[in-house]
Structures are given as structure tokens and as C-alpha cells.
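# Chain and residue survey
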Amino acid sequence: MKKIIAVYPGTFDPVTKGHVDIIKRASNIFDRLNIAITETNINKNILFSIEERVRIIREVVDELQLSNVSVNSFSGLLIDYMHKIGATVIVRGLRAVSDFEYELQMAYMNRNLDPNIETVSMMPYIEYSFLSSSIVKEIFFNGGDVTEFVPDAVLKYLLKKREDNVAGKENFKD
Ligand code: COA
């Protein structure tokens, strides 16, 4: 029987517990789930490099012990990447009504680019419906506690970023 390969694309800067919730749910449905991290996103100010984002999500997935989940980066069109790996389904999280218009537009555009590709929208657990990567960064860099919103691996990398930033500023003073 044909195996269904799904991709879960995103910027994941950084991955949050809301994303992890979708990863777990989707890995239960599809034969294989590929987390596809976009290398560039012209609309966003990126904190973590693509190498860091791949490393962080791999750590998170290893910890979850989900054997059908893999992590890769991609550049260019998502559809082209999907053709390369033989994926036919796009998984997207739908948190609130405010996500709907953007998600609908992307789903229609991707279908226009390849009518054989299906987009499946999944609702995260209600606790995570207000979460976003930007909110996590904003809380963290303003001294707030984000432990309930991100996996442990992410917290470790956020702390490291903050240390590096402080060290960078100290060097600049000298
Ligand atoms: N839990 C928590 N947060 C979630 C979430 C969930 N379940 N689902 C989405 N989010 C948040 C993300 O954290 C992100 O927050 P941010 O804006 O503060 O960073 C936001 O919702 C949306 O980000 P994301 O899901 O990562 O999507 P994106 O808009 O960053 O990425 C791509 C969209 C990468 C899939 C899209 O741009 C793409 O396909 N790019 C490739 C080029 C291409 O093919 N373009 C044509 C597409 S039609």
C-alpha cells in the first residue's frame, strides 16, 4: 500500500509546545512526517540560524521518540521540496480564526501550483491556541518565564542566545 508522506512546514523560530502538539498528532495519522524548516522567510526577523533551528527540532523529536518523524530544511517553493521527497500532504496548525485567511490563501495557492497536493489543517490543544514564536521571544527577552510554552531544548538554546547577546554587548563596550 502507498505510504503517505506529509510535511509540516514552517519557520519554527523557535519551535513551541504548540508546534510539538501538532507534530505528535500528525505523526499518529501519517506514515511519515517531515518537518520542513524554511531557510529564509522574507517576512520575519529570524533569531536562530537555519542550522540552529534544525538542531533544536531534531533534539525535540529525538526526545519524543517519534520514529516516523524527520527534520530537514528547504529553500525555494514548498511544492518543489515536496516533489523532491515524494510528499503529498501539507500539515498546518490552525490556532484561531485569525489564522484562517492566511492559511486558506496558502492552501489555495499550493493547490493551484499542484492540484494533487492536499493541505490538512489541525487544531492544536486549546492551551496553545494563543502561542506564537514571536510571543515566546518577546516574553523571554523581556525577562519573562517561557518554560510552559517551549520544550526544554528550546529553553536551553534561548538562554544561550541571551548569554551570547550579553557577551557581545560587553565586548562592544571594550
Ligand atoms: N503553535 C504555536 N505557534 C504556531 C502554531 C502552533 N501550532 N502554528 C503556527 N504558529 C505560529 C508560528 O510560531 C508563527 O509565529 P511567528 O509569526 O510569531 O513566527 C506563526 O504562527 C506562523 O508561522 P509558521 O507556521 O511557521 O508559518 P510561516 O508563516 O512562518 O511559514 C511557510 C509559512 C514556510 C510554510 C510558507 O511561507 C512557505 O511555504 N514558504 C516557502 C515558499 C513558498 O512555497 N511559498 C508559497 C506558499 S503558497
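See the structure shown above.
Below or above, wherever it landed, is the structure these notes cover. (Residues numbered from 1 in each chain as written. Predicted model: local features only at pLDDT ≥ 70, side-chain atom pairs only at ≥ 80, totals over all residues. Heavy atoms only, no water.)

The helix and strand tally for the protein stands at six helices and five strands. Order of helices (α) and strands (β) in the protein, N terminus to C terminus: β-α-β-α-β-α-β-α-β-α-α. For the protein, whose C-alpha radius of gyration is 17 Å, the value lies close to the compact-globule estimate of 16 Å for 174 residues. Across the 174 residues in the protein, those meeting the buried criterion constitute 44%. Long-range contacts, defined as pairs at least 24 residues apart, comprise 75% of the intrachain contacts of the protein with a sequence gap of at least 6. Summed over all atoms, the accessible surface of the protein reaches about 10,500 Å², with 52% contributed by carbon and sulfur. Charged side chains of the protein number 21 positive and 24 negative; the gap between the two group centres comes to 3 Å. (Helix = DSSP H or I, 4+ residues; strand = E, 2+ residues; numbered from the N terminus. Rg over C-alpha atoms; globule rule 2.2 N^0.38 Å. Buried < 20%, exposed > 50% of the residue type's maximum accessible area, 1.4 Å probe, protein only. Contact = heavy atoms within 4.5 Å. Areas by Shrake-Rupley, 256 points an atom, 1.4 Å probe, with all protein chains shown as cover. Lys, Arg positive; Asp, Glu negative; His and termini not counted. Charge placed at Lys NZ, Arg CZ, Asp CG, Glu CD.)

Further remarks concern unusual backbone geometry. The omega angle of the peptide bond from Asp-13 to Pro-14 is 0 degrees, so this bond is cis rather than trans. Structurally, the position occupied by Pro-14 is in the loop between strand 1 (5-10) and helix 1 (17-29). For Phe-12, which is not a glycine, the phi torsion comes out positive at approximately 50 degrees. Looking at the secondary structure, you find Phe-12 in the loop between strand 1 and helix 1. One non-glycine residue, Gln-65, adopts positive backbone phi at about 55 degrees. By the element assignment, Gln-65 lies in the loop between helix 2 (50-64) and strand 3 (69-74). Since its relative accessible area comes to 70%, Gln-65 is described here as exposed.

Of note, Lys-161 is situated in helix 6 (residues 152-173). In this structure, Lys-161 is in contact with Leu-47, Phe-48, Glu-52 and Phe-141, ignoring residues within four places of it in sequence.

All right, on to the environment of Ser-49 then. If you trace the backbone, Ser-49 turns up in the loop between strand 2 (32-38) and helix 2. As a C-alpha pair, Ser-49 and Lys-3 span 46 residues in sequence and 32 Å in three-dimensional space.

Fair warning: the whole summary comes from geometry, so function is off the table for now.
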